[in-house]
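Take a look at the letters that make up each chain.
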Amino acid sequence: MSETFHAIRVSKSDAGQKTDFVDITLADLMEGDVTVAVDYSTVNYKDGLALTGSAPIIRSFPLIPGIDFAGTVETSSHAGFKPGDKVVLNGYGVGEGHHGGYAQKARVKGDWLVKLPANISTAHAMAIGTAGYTAMLCVLALEHEGVTPDKGDVLVTGAAGGVGSVAIALLAKLGYRVIASTGRASEAAYLKGLGAADIIDRNELSAPGRPLGKERWAGAVDAVGSHTLANVLSMTRYGGAVAACGLAQGLDLPASVAPFILRGITLCGIDSVMAPMKKREAAWARLAKDLDLGKLDAMTSRATLKDVPQLGTDILAGKVRGRVVVDVN
Ligand code: NDP
């Protein structure tokens, strides 16, 4: 008999969406040229949307959710990977249309995998996760637009969340003066520990504002969208740039063109799911160099597969601090 392994499976019927803990075999996985023994997965905001069914993230039922995982290659017919390689997967529709990371094994296309840099363990890779890799993509975008530490402060919204926490740690290590915007005043010490120099209440940014405000930051990483992003744009200094990656407040962008046509600022769209391989490899290489692993540990909590459904609800409620690593074994 084939060996069974544990997984979370989401199915859908007329009664709605249902999450089960199941034991499956390799025959239950989808097609791919690399099979990975998964060490860790994680819970990102998008996983919360998928697990709760609050947005149509899952496109094929029944599905093993989990948009990312890190583990060790078991078998491979892909030229780029051999058994024993340590790999990470972010996005590419995994956990949406292809079985994902909430299982002890995964079978995927080798073209979707990134080999982990030597100093990043599979546990650290998932402490970073898609949230942290997206934070790095945001920082790379700001650098590309010439937002250097000497240009002025950089704002991070959704600061105590996953993207926000990693962005703060990265930016602080790179020498930026970081302003953290949070709704959780109780997390001030945590955010300062990650490297935030200043903390502002997210209510300052979340209501409808003016087309142009006082110039307060040279750049920003925005995980929140909606009025917050509009206000972030309106308060960005002349020539600055804002990397927009998230929608925790909303999918809308009720903004004006004033910051673009009067202050020449740039809005950089950040997508992690279909980002080209070169960009992914560059981001993981920079994470290996520029992320303080002590700070990463300080923002990470541990969980098991059994905790995942509750964590999916918690992350949407803004109750998860930093990053959660899920030990699937
Ligand atoms: P988290 O839930 O960990 O972080 C989101 C944070 O946003 C919360 O911790 C909270 O921070 C803040 N927040 C939550 N609700 C609101 C609200 N109503 N108004 C204002 N702020 C709010 O999620 P992740 O870090 O995993 O993801 C952050 C965002 O980035 C999500 O929208 C996610 O979908 C997106 N994302 C996009 C990717 C891409 O490819 N573009 C990849 C990864 C993530 P605080 O308590 O500090 O205020």
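Quick notes on the rules
Residues numbered from 1 in each chain as written. Predicted model: local features only at pLDDT ≥ 70, side-chain atom pairs only at ≥ 80, totals over all residues. Helix = DSSP H or I, 4+ residues; strand = E, 2+ residues; numbered from the N terminus. Rg over C-alpha atoms; globule rule 2.2 N^0.38 Å. Contact = placed C-beta atoms within 7 Å. pLDDT = per-residue confidence, 0-100. Expected span 1.5 Å × (residues − 1). Bend = angle between axes of the 7 residues up to and from the residue. UniProt positions renumbered as here; feature names shortened; annotations may be inferred.

- As annotated in an unreviewed UniProt entry, the protein carries the name Acryloyl-CoA reductase and comes from Parvibaculum sedimenti.

A short note on the overall build of the protein
Then comes step 1: Summing up its helical and strand segments, the protein has 10 helices and 15 strands in all.
Then comes step 2: Computed over the C-alpha atoms, the radius of gyration of the protein is 20 Å, within 12% of the 20 Å expected from 2.2 N^0.38 for a compact globule of 329 residues.
Then comes step 3: C-alpha atoms of the protein, sized along the principal axes, occupy 70 × 45 × 35 Å.
Then comes step 4: In the protein, once contacts between residues fewer than 6 apart in sequence are set aside, the share between residues at least 24 apart is 70%.

Some details on the confidence of the model for the protein
Then comes step 1: Residues at a pLDDT of 70 or more form 100% of the protein, whose mean pLDDT is 97.
Then comes step 2: Reported confidence for the predicted complex is 0.99 by ipTM and 0.96 by pTM.

Observations concerning helix α2 (residues 122-144)
Then comes step 1: Taking 1.5 Å as the rise per residue, α2 with 23 residues should run 33 Å; its terminal C-alpha atoms sit only 29 Å apart, a clear shortfall.
Then comes step 2: The sharpest bend along α2 reaches about 70° and sits at Gly 129.
Then comes step 3: A positive phi of about 85° marks Gly 146, the residue just after α2.

Structural notes on the UniProt feature "domain: Enoyl reductase (ER)" (unreviewed entry) in the protein
Then comes step 1: Under the UniProt annotation, "domain: Enoyl reductase (ER)" (unreviewed entry) lies at residues 16-326.
Then comes step 2: In the segment residues 16-326, helix accounts for 32% and strand for 26%; the C-alpha atoms at its two ends are 26 Å apart.

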